[in-house]
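As a plain string of letters, each chain reads:
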Amino acid sequence: MELIQNNPDLSAYLAADEVIDHDHPRVRETAARLARKAVDSYAYARLAFEFVRDTIPHSQDSGDPRVTWRASDVLEQGTGICYAKAHALAALLRAEDIPTALCYQRFDVVHGLVAVRFSGAWHRQDPRGNKPGVDAQFSLEGELLAFTPDPESNEMDYPVLYAEPHPTVLSVLRAARDRPHLWKTLPTTL
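Undergrad: Please clarify how the packing of aromatic side chains should be interpreted in this entry.
TA: Centre distance and the angle of the planes are the two values used to describe a pair of aromatic rings. In this structure the tally under the stated criterion is six aromatic pairs. Across from the ring centre of Trp 69, 4.7 Å away, lies the NZ or CZ of Arg 174, which sits over that ring.

Right under this line is the structure:
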């Protein structure tokens, strides 16, 4: 599948905004702590991915009712669904000048992940969080995502790489009173 930038300007994939707020002190502090352990940007990207995947529980898996959507809130509260975790990872990567896009897959509902740009190519990564049956890994040598769509079941990878969260995803996150409410309103398509 050919990944397509929704914005041709690569600098858009480094920008901070209300959601991917990598200029927030919490994000800067976390990024600096991770960067001290990394020998280069590849190592940093892997550390940031593993940090979000492994230390921020997916709120559905943990039973946490809180809904987070802003990267700094995900890091502060330590919880989020796939979209929120993708926002947090994007912010940590952009904080260290690694172009990062948001991307999506469709299963029963839309699933969120990121793509990082290294050596002139985009590489999708899924920080959702591992559990039995889910083993996502950081990889620049081929995708090791949490889920693989089955086209016969009408599942799909969306090829578009977004510089900011998709408006449908963001509006659902913002409107949710809690995770059970969010679960009833998750988008089924973009």
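Undergrad: What's the story with the side chain of His 166 in this structure? I'm lost.
TA: Tracing the sequence through the fold places His 166 in the loop between β6 (160-161) and α6 (167-175). If we ignore the near neighbours within four places in the chain, the residues touching His 166 are Tyr 104 and Leu 190.

Undergrad: So what exactly am I meant to see when it comes to the sheet that holds strand β2 (residues 100-106) here?
TA: The strands making up a sheet are joined through hydrogen bonds of the backbone, oriented either antiparallel or parallel. Taken together, the four strands give an open sheet; going across it, the order is β4-β3-β2-β5, and neighbouring strands pair in antiparallel fashion. With partners counted over all chains shown, the strands left at the sheet margins are β4 (121-125) and β5 (156-157), one partner each. In this structure, β2 lies alongside β5, joined through two bridges in antiparallel fashion. Opposite Gln 105, over in β5, you have Asp 157 as the bridge partner.

Undergrad: Mind showing me how you'd approach α6 here?
TA: Helical geometry note: an α-helix holds 3.6 residues per turn, so side chains three or four residues apart project in the same direction. Considered for burial, the residues of α6 that qualify are Val 169, Leu 170, Val 172 and Leu 173. The buried residues of α6 occupy an angular sector of 165 degrees when projected down its axis, which confines them to one face. Exposed and facing more than 90 degrees away from the buried side of α6 are Pro 167 and Ala 175. Residues of α6 that are buried make contact with α5 (82-95), β2 and α7 (179-185).

Criteria and thresholds
- Counting from 1, residues in each chain are numbered in the order their sequence is written.
- Under the rules for a predicted model, residues below a pLDDT of 70 receive no local features and side-chain atom pairs below 80 are neither given nor counted, while totals for whole chains, interfaces and linings still include all residues.
- The side-chain values count all of the structure's non-hydrogen atoms but skip hydrogen atoms and water molecules.
- Two rings belonging to Phe, Tyr or Trp (six-membered ring only in the last case) form a pair when the distance between their centres is within 6.5 Å. Interplanar angles under 30 degrees mark stacking, angles over 60 mark edge-to-face geometry, and anything in between is tilted.
- By definition, being over a ring means that NZ of Lys or CZ of Arg is both within 6 Å of the ring centre and within 35 degrees of the ring normal.
- Strands are runs of DSSP state E lasting at least 2 residues, helices are runs of H or I lasting at least 4, and numbering of each runs from the N terminus.
- Note on contacts: a residue pair qualifies if any of its non-hydrogen atoms lie within 4.5 Å across the two residues.
- A pair of strands is considered paired only if DSSP assigns at least 2 bridges between the two.
- Relative accessibility decides the category of a residue: with a 1.4 Å probe and only protein chains considered, values under 20% of the type maximum give buried, values over 50% give exposed, and everything between is partly exposed.
- Starting at the helix axis, one direction is taken to each C-beta atom, and the arc is that of these directions.

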